[in-house]
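Below, each chain spelled out in residue letters.
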Amino acid sequence: MNTQKKTNAINEILTYAKTSPYYSKRIQIPLLHSLNDLKTIPLTTKADLREQSPFGLLPDSNMLLSQYHESSGTTGSPVSVWYSETDLDEIARGITRCGANFNPHDRVLIRFPYALSTISHFMHRSVQMQSGCVIPADSRTTVTPMPKVIDLLKRLKITVLACISLQAIMLAEMAEMQGLEPKRDFPFLRAICTAGEPLTPYRRKLIEDIWGVPVFDNYGMTEVGTAMVDCTQQHLHMFEDYFHVEILNDDFETDVKPGECGNLVITTLRKRATPLIRYATGDIVQEINSSCSCGRGRSFVIRGRKENLITIESVSFDLYEIEKMIAPLPARRFWSAGKITNTLYLFIEKESSTDRIHVNDIEKLKKMYGVNISIILLDKGTLYDRTDDVSFGMKGKPRYFLNDQETANLLNKIKTN
Ligand SMILES: [Zn+2]
């Protein structure tokens with residue numbers, strides 16, 4: 001979409017959004033003359049959405065609402081998002097661009113939460129839109145614990161597994177606990193589709209090593225649904241006709257230099273039941289401004305949540321940087337990180353009892369980052385309890401980053417064991 005077309009599209013959405021109670025007060029300026037004028041509109045934050053939920057963002061239209069979702073914040077009241085039938089169809093159509101290329105021969109096991117969260121429903125609709133068959137295996141119900149999922153994967157000859165990336169690793173662990181070998185014993189599996197947390201290239205490689213199939217990622221959030229999917233070349237392309245994005249410096253006013261990481265701010269370009277103007281997503285992203293061999297233009301790298309960042313002596317460690325450190329180690333499946341004073345602690349569960357970290361490897365990392373780093377290998381089950389295979393993997397979103405207290409507690413627990 002060229003700049004003039006995009007400015008027109010945004011103007012149309014601004015006029016529409018201004019019919020909602022929230023944006024009627026929020027958007028003061030008349031129409032935009034250029035894309036730059038958009039920056040005069042204040043950002044919409046998660047706190048704003050919370051305050052406006054459940055009805056404050058609904059535009060005054062006779063649009064029929066079709067589906068309701070809310071994000072499961074750990075603090076404060078939930079954020080409400082409404083979708084119309086058209087919204088749902090557009091998002092599902094966007095997902096059909098995923099490099100996994102769902103087809104009528106597919107049996108896709110969806111292992112995301114279904115209750116109130118979005119991704120399971122969008123993926124479900126998209127698979128069916130491409131005549132594939134869905135096996136809904138909710139990740140947060142006792143009806144489908146991990147052993148049941150392993151049984152379904154085998155018995156139904158599942159071709160695509162859709163789940164958060166850590167769940168794909170946990171399912172492999174569960175299969176191994178049952179004496180199965182993921183690469184050998186699931187011959188019909190041809191792809192894994194991940195969503196719900198940033199997928200670093202290191203974790204993608206880990207999952208592909210374990211399962212022996214390609215992994216395709218999906219980026220989105222409850223507030224806007226899926227916004228990007230991996231192409232066949234495994235690069236995340238945005239649905240350019242649905243969204244306008246800005247990548248801002250920490251001042252939240254100026255754009256980052258091309259190719260730099262920054263704060264993702266998203267504006268919906270379609271007349272959605274819940275339009276969002278300059279929504280600060282809380283995610284750090286990087287734009288790759290070169291064309292992709294799949295034939296599409298720019299792509300994006302999701303670096304992680306801004307809140308998930310450990311900073312030591314002005315060196316920052318995000319999910320991406322930590323998984324890069326873990327990638328060459330013998331154990332890389334389950335980890336947590338934290339800091340105490342000026343030391344970065346990396347806790348990693350052993351994959352085999354003989355796993356060792358060499359002093360040289362740690363020295364190399366210390367030198368590379370210029371901060372003190374301690375890598376501690378833990379027995380299997382320390383971070384993710386495996387004693388009960390029904391509750392294993394049933395937790396909410398995994399927590400990779402520990403606060404100071406949690407880090408101290410874990411260090412104490414290890415010492416006393
Ligand atoms: Zn591509």
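Data block above holds the structure.
A brief look at the structure comes next.

Parameters at a glance
Residues numbered from 1 in each chain as written. Predicted model: local features only at pLDDT ≥ 70, side-chain atom pairs only at ≥ 80, totals over all residues. Heavy atoms only, no water. Core = buried A, V, L, I, M, F, W, Y, C linked by side-chain atoms within 4.5 Å. Buried < 20%, exposed > 50% of the residue type's maximum accessible area, 1.4 Å probe, protein only. Helix = DSSP H or I, 4+ residues; strand = E, 2+ residues; numbered from the N terminus. Contact = heavy atoms within 4.5 Å. Polar contact = N/O pair within 3.5 Å; in protein donor to acceptor, adjacent residues only side chain to side chain. Donors = N, O, S within 2.8 Å, 3.2 Å for Na, K, Ca; no water. Tetrahedral: all angles 85-135°; square planar, octahedral: opposite > 155°, others 65-115°. Salt bridge = Lys/Arg side-chain N within 4 Å of Asp/Glu carboxyl O. Phe/Tyr/Trp six-rings, centres within 6.5 Å; stacked < 30°, edge-to-face > 60°. Lys NZ or Arg CZ within 6 Å of the ring centre and 35° of its normal. Axes fitted to C-alpha atoms, helices over the stretch in contact; angles between N-to-C directions. Parallel < 35°, antiparallel > 145°, perpendicular 65-115°, else oblique. Nonpolar A, V, L, I, M, F, W, Y, C, P; charged D, E, K, R; others polar. Pairing = 2+ DSSP bridges.

1. Considering the nonpolar core
In step 1: Ranked by internal contacts, the top residues of the largest apolar core, which has 125 residues, are Leu 109, Leu 153, Ile 192, Cys 193, Trp 211, Trp 335 and Ile 375.
In step 2: It is helix H7 (residues 165-177) that contributes the most residues to this core, eight residues altogether.
In step 3: Not counting chain neighbours up to four residues away, the residues in contact with Ile 375 comprise Leu 329, Leu 346, Ile 348, Ile 357, Ile 362 and Leu 365.

2. What to know about the side chain of His 244
In step 1: Here His 244 shows up in strand E10 (residues 243-248).
In step 2: Residue class for His 244 comes out buried when judged on its relative accessible area of 9%.
In step 3: At a separation of 3.4 Å, a polar atom in the side chain of His 244 contacts the side chain of Lys 6.
In step 4: Discounting chain neighbours no more than four positions away, the residues touching His 244 are Lys 6, Ile 10, Leu 35, Leu 38, Val 265, Ile 266, Thr 267 and Leu 269.

3. Considering the coordination of the zinc ion
In step 1: Binding of the zinc ion to the protein goes through Cys 231 (SG), His 237 (NE2), Cys 292 (SG) and Cys 294 (SG), at separations of 2.1 to 2.3 Å.
In step 2: Taken together, the four donor atoms coordinating the zinc ion and their angles of 101 to 116° define a geometry best described as tetrahedral.
In step 3: Written as a sequence motif, the donor arrangement for the zinc ion is C-x5-H-x54-C-x1-C. Summarising the burial analysis for this pair, Cys 231 and His 237 share the class buried.

4. Overview of the pattern of salt bridges
In step 1: According to the stated counting rule, one finds 34 salt bridges in the structure shown.
In step 2: For Lys 39, the salt bridge goes to Asp 255, with nearest N and O atoms at 3.2 Å. In this pair, Lys 39 is assigned in the loop between helix H2 (21-26) and helix H3 (46-52) and Asp 255 in the loop between E10 and strand E11 (261-268), connecting sequence segments 216 residues apart.
In step 3: For Arg 190, the salt bridge is made with Asp 106, and the minimal N-O distance between the two is 2.6 Å. Taken together, the positions of Arg 190 in the loop between helix H8 (182-185) and strand E6 (191-194) and Asp 106 in the loop between helix H4 (85-95) and strand E3 (107-111) put the pair 84 residues apart, joining distant regions of the chain.

5. Concerning the packing of aromatic side chains
In step 1: In this structure the tally under the stated criterion is 13 aromatic pairs.
In step 2: For the ring pair Phe 317 and Tyr 369, a centre distance of 5.1 Å and an interplane angle of 50° mean the geometry is tilted. One end of the pair, Phe 317, is in strand E15 (residues 315-317); the other, Tyr 369, is in helix H11 (residues 359-369), and 52 residues separate them in sequence.
In step 3: A network of ring pairs unites the aromatic residues Phe 55, Tyr 68 and Trp 82 as a single cluster.
In step 4: In this arrangement the basic side chain of Arg 303 is found over the ring face of Tyr 320, its NZ or CZ atom lying 4.0 Å from the centre.
In step 5: Over the aromatic face of Phe 334 sits the side chain of Arg 386, whose NZ or CZ is 4.8 Å from the ring centroid.

6. Quick word on the packing of helix H9 (residues 201-211) against helix H10 (residues 319-326)
In step 1: Where H9 contacts H10, the axes come no closer than 8 Å and their chain directions differ by 50°. Here H9 lies oblique to H10, going by the angle between them. Facing H9, whose interface residues are Pro 201, Tyr 202 and Arg 203, H10 presents Tyr 320, Glu 323 and Lys 324.
In step 2: Class assignment of the residues belonging to the contact of H9 with H10 gives a composition of three nonpolar, no polar and three charged.

7. Digging into the pairing of strand E7 (residues 215-221)
In step 1: Of all the seven residues making up E7, six are buried; the element is thus mostly covered by neighbouring parts of the structure.
In step 2: Sheet analysis places E6 next to E7, joined by three bridges and oriented parallel. Each residue of the ladder has a partner; that of Thr 194, found in E7, is Asp 217.
In step 3: Bridge analysis of E7 against strand E8 (residues 225-230) gives four bridges, and the strand direction is antiparallel. Within E8, the position partnered with Asn 218 by the bridge is Val 229.
In step 4: Hairpin connection from E7 to E8: three residues lie between these consecutive antiparallel strands.

8. Quick notes on the pairing of strand E12 (residues 279-288)
In step 1: By the criterion of burial, E12 is predominantly enclosed, with eight of the 10 residues buried.
In step 2: Both E12 and strand E13 (residues 299-305) contribute to a ladder of six bridges, which runs antiparallel. In the strand pairing of E13, Gln 286 is matched with Val 301.

9. Regarding helix H5 (residues 119-129)
In step 1: Residues of H5 that are buried include every one of Ile 119, Ser 120, Phe 122, Met 123, His 124, Ser 126 and Val 127, and no others.
In step 2: Two residues or fewer past H5, Ser 131 is found with a positive phi of approximately 65°.

10. A few points about the sheet that holds strand E17 (residues 343-349)
In step 1: Within the open sheet, the three strands sit side by side as E16-E17-E18. Their pairing is mixed. If you trace the sheet from one side to the other, it starts and ends with strand E16 (335-340) and strand E18 (372-378), each paired once. Each strand axis lies, on average, 20° off the axis of its neighbour in the sheet, ignoring direction.
In step 2: As paired strands, E17 and E18 are joined by seven bridges and run parallel to one another.

11. A word on unusual backbone geometry
In step 1: Residue Pro 54 is reached from Ser 53 by a cis peptide bond, and omega for that bond is 0°.
In step 2: Structurally, Pro 54 is set in the loop between H3 and strand E1 (65-71).
In step 3: The backbone of Gln 234 shows a phi angle near 60°, a positive value even though the residue is not glycine.
In step 4: Among the secondary structure elements, Gln 234 is positioned in the loop between E8 and strand E9 (236-238).
In step 5: In this structure Gln 234 comes out as partly exposed when scored by relative accessible area, which is 23%.

12. A short note on the environment of Gln 286
In step 1: Position of Gln 286 relative to the elements: it lies in strand E12.
In step 2: Taking the C-alpha atoms as reference, Gln 286 lies 8.8 Å from Asn 263; in sequence the two are 23 residues apart.
In step 3: If sequence neighbours within four positions are ignored, Gln 286 has contacts with Gly 259, Glu 260, Cys 261, Ser 299, Phe 300, Val 301 and Arg 303.
In step 4: In terms of polar contacts, Gln 286 uses its side chain to reach the backbone carbonyl oxygen of Gly 259, at 3.2 Å.

In short, the description is geometric, and any link to function would need to be established separately.
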